[in-house]
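Per-entry structural report
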Amino acid sequence: MRKIRVIQWGLGAMGSGMARLVLEKDGLELVGAVDMRPEFVGKDLGDVLDIGRTLGVQVQADPGAMLDRAHADVVVLATTSWTAEQMPDLRRILTAGVNCVSIAEEMASPEAQHPELAAEIDALAKAHGVSVLGTGVNPGFVLDLLVVVLSGVCHRVDRIEASRVNDLSPYGPTVMRTQGVGTTPEQFAAGVADGSIVGHVGFPESIRMISDALGLGVTRVEESREPIISKVYRETPHVQVGPGMVAGCAHIATGFAGDKPVVKLVHPQQIHPHLEGQDTGDYIHIFGKPEIHMATGPEIAGGIATMGLAVNMIPHVVAATPGLKNMMDLPVPAALMGDTAYRRRV
Ligand code: NAD
């Protein structure tokens, strides 16, 4: 079996972990690495990943001639959350005839918020005979794919409610800022109003995928973001939160079919939830026939899961028919543990 040749584009927290995982997989070969960080550019990827050996792959600020179907089968893109921001790179990748897996949250279902960009991506991919997939732990798995898969046994679904309760403590300053951790309640309200505090990115995308997959006919999504006010002192290396300050953001999105709420997704994210007795976990409730209740605890680890999913989907993306895909379109994800895992087809 020929190995699938992978370019890792974006070597931050997620991309560096994906590159390490690609190196562990017999069926994958890491042929290129791209990141704009000056401290990475020109270095051997092995040194950037700190794996104790060189790889003979130099990190480039620009992929240059490497970005060609003659050299690479797929790019794994881990640079941003936003479809519009990713478009210049995406246009180059697809035009070069190379497939793409992106972990940008909005790319999980770009038609949810950017139908014109989704149409352009789909057309470009088809014109050049490649496919592109947006994935990640959420959106891409917990609050959409798992929900859809569980509904597969239902005769009827009246309403879905799913929640992901997680711990933000491992994350860096950008996440603290965009979740409003460490603000006063007044600063939180101002941040939500001016768009600097966004909470979770991906609810419209998850609801769109669920609605389309089941045919629920969601026509409108309403979102609310409330501060999680701490009663106790909490801290991480990046933020300190005193009693009365904001420890996180409780973000809720509801999808309506007409006036009827049919999908409710709940994502309270805070630092050190256990300090106030809050366990983490993922919970899916499907009301209909039969009623289904699924719970995992603690939460499925977000960063590790995103790396795993993006890498595990590579063979499916390379084998897919051309065009823009989402997690509902391709074979179910599975860990790449051996030969047959690379040969599954729809
Ligand atoms: P990060 O900030 O640690 O890393 C991003 C890296 O990309 C940086 O090294 C940066 O220099 C590089 N970069 C940015 N734009 C670039 C460009 N145009 N060309 C080359 N390099 C570029 O971020 P991260 O934690 O690795 O996450 C990456 C993105 O994935 C974030 O936006 C994050 O929100 C998203 N994400 C999504 C999911 C999901 O479930 N879908 C899960 C985790 C992360």
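Presented here is an overview of the structure given in this document. (Residues numbered from 1 in each chain as written. Predicted model: local features only at pLDDT ≥ 70, side-chain atom pairs only at ≥ 80, totals over all residues. Heavy atoms only, no water.)

Quick look at the packing of aromatic side chains
Any pair of aromatic rings gets described here by the distance separating the centres and the angle formed by the planes. The condition that has to hold: Here a pair means two rings of Phe, Tyr or Trp (six-membered ring of Trp) with centres within 6.5 Å. Their orientation is stacked below 30 degrees between planes, edge-to-face above 60, and tilted elsewhere. When the NZ atom of lysine or the CZ atom of arginine is within 6 Å of a ring's centre and also within 35 degrees of its normal, the charge is said to sit over that ring.
A full pass over the atoms with the stated rule returns zero aromatic pairs. Here the guanidinium or amino end of Arg159 rests over the ring plane of Phe287, the centre of that ring lying 4.1 Å away. The cationic tip of Arg220 hangs over the ring face of Phe256; the distance from NZ or CZ to the ring centre is 4.2 Å.

Overview of the site of the ligand
Stated precisely, the cut-off is as follows: Here a residue counts as near a molecule or strand whenever at least one of its heavy atoms sits within 4 Å of it. The definition of a polar contact used here is a pair of N or O atoms within 3.5 Å, where within protein one atom must be able to donate a hydrogen and the other to accept one, and adjacent residues in sequence count solely through side-chain atom pairs. All accessible-area figures derive from a Shrake-Rupley calculation using a 1.4 Å probe, and residue coverage is judged against the displayed protein chains alone. Going along the chain from the N terminus, every DSSP run of H or I of four or more residues is numbered as a helix, and every run of E of two or more is numbered as a strand.
Surveying the vicinity of the ligand reveals 23 residues, the closest of which are Met14, Asp35, Arg37, Ser81 and Glu105. Side-chain polar atom of Asp89 to a nitrogen atom of the ligand: 2.9 Å apart, as the coordinates give it. Asn138 places a polar main-chain atom, nitrogen or oxygen, 2.9 Å from an oxygen atom of the ligand. In the complex, 76% of the free accessible area of the ligand, which totals 860 Å², lies under the protein chains. For the shell around the ligand, the element with the most residues is helix α1 (residues 13-24), which contributes three residues.

Comments concerning the layout of surface pockets
Here is the rule we go by: Using only the protein atoms, space was sampled on a 1 Å grid; points where a 1.4 Å probe fits but cannot get out form cavities, open sets with protein on both sides within 12 Å along at least five of seven lines form pockets, and lining residues are those with an atom within 4 Å of a point. Grid points are joined across faces, edges and corners, and a volume is the space filled by probe spheres set on the points. Any residue outside Ala, Val, Leu, Ile, Met, Phe, Trp, Tyr, Cys, Pro, Asp, Glu, Lys and Arg is labelled polar, Gly included; the first ten of those are nonpolar and the last four are charged.
What the second largest pocket holds in volume is close to 150 Å³. Contributions of two or more residues to the lining of the second largest pocket are made by α8 (203-214) and β8 (220-229). For the lining of the second largest pocket, the residue count by class is five nonpolar, three polar and three charged.

Observations concerning the environment of Val218
For clarity, the cut-off: Here the term buried applies to any residue with accessible area under 20% of the maximum for its type, exposed to any over 50%, and partly exposed to those in between, with areas from a 1.4 Å probe on protein chains only. Any pair of residues with heavy atoms lying within 4.5 Å of one another is described as a contacting pair.
The topology assignment puts Val218 in the loop between α8 and β8. Taking relative accessible area as the criterion, Val218 reaches 21% and is therefore assigned partly exposed. Those residues within four positions of Val218 in sequence are excluded, and the remaining contacts are Ile207, Ser211, Gly255, Phe256, Ala257 and Val262.

A short note on the sheet that holds β8
Applicable threshold: Strands qualify as paired when DSSP identifies two bridges or more between them. Axis definition: a line fitted to C-alpha atoms, limited for helices to the stretch in contact. Angles are taken between N-to-C directions and run from 0 to 180 degrees.
Taken together, the six strands give an open sheet; going across it, the order is β8-β11-β12-β7-β13-β14, and neighbouring strands pair in mixed fashion. A single partner strand is all that each edge strand has here, and the edge strands are β8 and β14 (292-296). When the angles between neighbouring strand axes are averaged without regard to direction, this sheet yields 10°. Pairing analysis gives five bridges linking strand β13 (residues 281-289) to β14, with the strands arranged antiparallel. Along β14, the bridge assignment pairs Ile286 with Ile292.

Some points on the nonpolar core
Note the cut-off: For the purposes of this section, nonpolar cores are sets of buried Ala, Val, Leu, Ile, Met, Phe, Trp, Tyr and Cys residues that join through side-chain atoms within 4.5 Å.
Residues Val6, Leu11, Met18, Leu28, Leu45 and Ile314 are the most contacted members of the largest nonpolar core, which totals 37 residues. Among the elements of the structure, β1 (4-9), α1, β2 (28-34), α2 (45-49), β4 (74-77), α9 (302-312) and α10 (314-319) are those that each provide at least two residues to this core. Element by element, the count of residues in this core is highest for α1, at five residues. Leu45 has contacts with Leu11, Leu30, Ala33, Leu55, Val57 and Val59, leaving out every residue within four places of it along the chain. Residues Leu67, Leu94, Ala125 and Leu324 belong to the second largest nonpolar core, which totals 25 residues.

Describing the packing of helix α3 (residues 83-95) against helix α4 (residues 115-127)
Short version of the rule: Angle categories: roughly parallel below 35 degrees, roughly antiparallel above 145, roughly perpendicular from 65 to 115, and oblique for all the rest.
Two numbers describe how α3 lies on α4: the axes approach to 10 Å, and their chain directions differ by 10°. In terms of their interaxial angle, α3 and α4 are classed as roughly parallel. Between α3 and α4, the contacting residues are Thr83, Ala84, Met87, Leu90, Arg91, Leu94 and Thr95 on the first element and Leu117, Glu120, Ile121, Leu124 and Ala125 on the second.

Comments concerning the environment of Ser206
Residue position: Ser206 is located in helix α8. You can call Ser206 buried: its relative accessible area is 1%. Apart from residues no more than four positions distant in its own chain, Ser206 is found in contact with Asn138, Pro139, Leu143, Asp144 and Leu265.

Re the packing of α1 against α9
This is how the line gets drawn: Handedness of a helix crossing follows the sense of rotation of the near helix relative to the far helix, less than a right angle counterclockwise being left-handed and clockwise being right-handed.
At a minimum axis separation of 9 Å, α1 and α9 run at an interaxial angle of 50°. Comparing the axis directions of α1 and α9 gives the class oblique. Crossing handedness for the pair α1 and α9: right-handed. Residue-level contacts link Ala13, Met14, Gly17, Met18, Leu21 and Val22 of α1 to Gly303, Thr306, Met307, Gly308, Ala310 and Val311 of α9. Each residue belonging to the contact of α1 with α9 can be placed in one class, and the counts come to eight nonpolar, four polar and no charged.

Topic: the sheet that holds strand β15 (residues 323-325)
Taken in spatial order, the seven strands of this open sheet run β3-β2-β1-β4-β5-β6-β15, and their pairing is parallel. Strand pairing shows two members of the sheet lacking a second neighbour, β3 (59-60) and β15, which therefore form its edges. In terms of strand pairing, β1 meets β2 through six bridges, oriented parallel. Considered in β2, the bridge of Val6 is made with Leu30. Against the sheet, α1 makes contact with β1, β2 and β4, and its axis sits at roughly 150° relative to β2, the strand it touches most.

Examining α3
Here is the rule: Helix span is expected to be 1.5 Å times the residue number reduced by one. At any given residue, the bend is defined as the angle formed between two axes, one fitted to the seven residues that end at that position and one fitted to the seven that begin there.
Compared with the 18 Å implied by 1.5 Å per residue over 13 residues, the 17 Å span of α3 between its first and last C-alpha is a close match. At Asp89, α3 shows its largest bend, some 40°. Among the residues of α3, Thr83, Gln86, Met87, Leu90, Ile93 and Leu94 are the ones counted as buried. Next to the buried residues of α3 lie β1, β4, β5 (99-102), α4 and β6 (131-134). Just past α3, the residue Gly97 takes up positive phi, approximately 80°.

Take it as geometry only, folks, not as evidence of what the structure does.
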